[in-house]
Amino acid sequence: MRRAKWAKGMAAMTAAVMMITAALTGCSNSKAPKTATAAAQETEKAAGQQETEKAADAEKAGGGANGIEYKEQKFQLGYNTVEDSVRGEMAKTFKEYLETQSGGKITVELFPAGTLGSEQEMTEMVKIGTLDFTLPGCSNMSNVDPSFSSVSLPFLVKDFEEAHKLQDGELGEALKELAQSYGYKILGWGDLGMAQITNNKKAINSVSDMAGLKMRSPNEEASIKTFESLGCSVSTLAFSELYLGMSQGVVDGQFNPIDAIYQQKFYEVQDYLALCNIFYYGINFVMGDSKFASLDEDTQKLILEAAAEAQVVSREYAKDADTRYLDMIKEEGGFKEITTPDTAEFAEAVKPVYDIFAGKADEKVLKAIGR
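Residues numbered from 1 in each chain as written. Predicted model: local features only at pLDDT ≥ 70, side-chain atom pairs only at ≥ 80, totals over all residues. Heavy atoms only, no water.

## Regarding the overall build of the protein chain
Part 1: Per the secondary structure count, the protein chain includes 16 helices and nine strands.
Part 2: Put simply, 74% of the contacts in the protein chain that link residues at least 6 apart link residues at least 24 apart.
Part 3: Total accessible area on the protein chain is roughly 18800 Å²; 52% of this is exposed by carbon and sulfur atoms. (Helix = DSSP H or I, 4+ residues; strand = E, 2+ residues; numbered from the N terminus. Contact = heavy atoms within 4.5 Å. Areas by Shrake-Rupley, 256 points an atom, 1.4 Å probe, with all protein chains shown as cover.)

## Considerations on the environment of Ala358
Part 1: Structurally, the position occupied by Ala358 is in helix α15 (residues 351-358).
Part 2: Residues Ala358 and Ser150 lie 208 residues apart in sequence; the distance between their C-alpha atoms is 9.7 Å.

## Examining helix α8 (residues 221-229)
Part 1: Those residues of α8 lying buried are Ala222, Ser223, Ile224, Thr226 and Phe227.
Part 2: Contacts made by the buried residues of α8 are with β4 (184-199), β5 (214-216), β6 (233-235), β7 (253-256), β8 (272-288) and α15.
Part 3: The N-cap of α8, judged by a side-chain oxygen 2.9 Å from the amide nitrogen of Ala222 a few residues on, is Glu220.
Part 4: Just beyond α8, the residue with positive phi is Gly231, at close to 90 degrees. (Buried < 20%, exposed > 50% of the residue type's maximum accessible area, 1.4 Å probe, protein only. Polar contact = N/O pair within 3.5 Å; in protein donor to acceptor, adjacent residues only side chain to side chain.)

## With respect to the confidence of the model for the protein chain
Part 1: Per-chain confidence: the protein chain averages 87 in pLDDT, with 83% of residues scoring 70 or above.
Part 2: Long-range and interchain partners of residues 1-40, a stretch whose pLDDT sits below 50, account for one contact in this model, where long-range means more than four residues apart.
Part 3: Scored below 50 in pLDDT, residues 58-62 shows seven contacts in the model against residues more than four places distant or in partner chains. (pLDDT = per-residue confidence, 0-100.)

## Notes on the nonpolar core
Part 1: Grouped together as the largest cluster of nonpolar side chains are 97 residues, with contacts concentrated most on Phe94, Phe227, Phe285 and Ile303.
Part 2: Examining the composition of this core, we find that 11 residues originate from one element, β8, more than from any other.
Part 3: In this structure, Phe227 is in contact with Ile197, Met210, Met215, Cys232, Val234, Phe255, Ile278 and Phe279, ignoring residues within four places of it in sequence. (Core = buried A, V, L, I, M, F, W, Y, C linked by side-chain atoms within 4.5 Å.)

## Digging into the layout of surface pockets
Part 1: In this structure, the largest pocket spans a volume of roughly 830 Å³.
Part 2: Grouping the constituent residues of the lining of the largest pocket by class yields 14 nonpolar, 19 polar and five charged. (1 Å grid on protein atoms, 1.4 Å probe; cavity = no way out; pocket = protein on both sides within 12 Å on 5 of 7 lines; lining within 4 Å. Points joined across faces, edges and corners; volume = space filled by probe spheres on them. Nonpolar A, V, L, I, M, F, W, Y, C, P; charged D, E, K, R; others polar.)

## Examining empty space enclosed by the protein
One way to see where empty space is left: roll a probe the size of a water molecule over the atoms.
Part 1: Under the definition given, this model contains one cavity of 30 Å³ or more.
Part 2: Each pocket or cavity is described by its volume, and for the largest cavity that value is around 40 Å³.
Part 3: Lining the largest cavity we find Val86, Phe160, Asp191, Leu192, Gly193, Asp259, Tyr317, Ala318, Ala321 and Asp322.
Part 4: For the lining of the largest cavity, the secondary-structure elements that each account for two or more residues are β4, α12 (297-319) and α13 (321-331).
Part 5: Top contributing element to the lining of the largest cavity by residue count: β4, with three residues.
Part 6: Looking at side-chain class alone, the lining of the largest cavity contains six nonpolar, one polar and three charged residues.

So, in structure tokens, the structure goes:
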């Protein structure tokens, strides 16, 4: 009897174990198979993770954003204006592009506000190789060859669009070729702006109002002859001394784009502003030609790309700079009177400047500007 009860209990226990085992097995088999979409998503996620790991490995190894492994190189770029300027924006863009695209292997140290020397001194430093890059204006490069002032001849262009057509076309190519003959490599262009006239003697409405004014000019023949043709005497006072010179009466006036007039606070020591777009002022982005030639092909290409980015930034910056900075000047109470003289009379008066230029400029340059 006991044996029968024991056998019956064991049978019940065995049945229970089998039921539990079956239930557990059923649960483990109840998961649905992966769909094709889920499988593809996992594959894509894995591939993405691999690419991220590869990019991280490349960055650690010094590889650039384009997969190229650049040599470790350090460059210096100097310019003569403050950081909050079109040159400052160009320099910052150039630096960021080179450093980012090279994966940090190429670095650029910036020297604003003439900390390495005057505009002319930095231009010469680039040629002899003691400075890598600089951003001289067209008027400064005219000290290398008068042809570089071609785009800045008085009233040659009326706006940025006309200036860009010349720089991006036949004239630009002629100037780049000419620069190489003097040991420079022009990497690109930039916009400084359209020059306006200020003085602290009288409002300017006609050419006769210019007579007797002592104007400051960069040491560049086309600019000097332009204001002499308008009846002014001319001083080539250094730009760094201009604010003090005007405040002390050493010179009566000057000419520069509106953003420079604001940034240098010239409106504090000048009473009259004449909006006349007398010159287009451009920037030459230059380095030594021998320095450029000594670099490997990948670095050369990256430098040209970075300079092209800086050129785009400068043109965007200058596009509405006159309106933006003129509004800021007005808000700060600058200038007693602002005039907009008829420039036809001015353009007629400065025609002799073109004759002087034609006698000294490169033939290809003259052809490019239609002279």
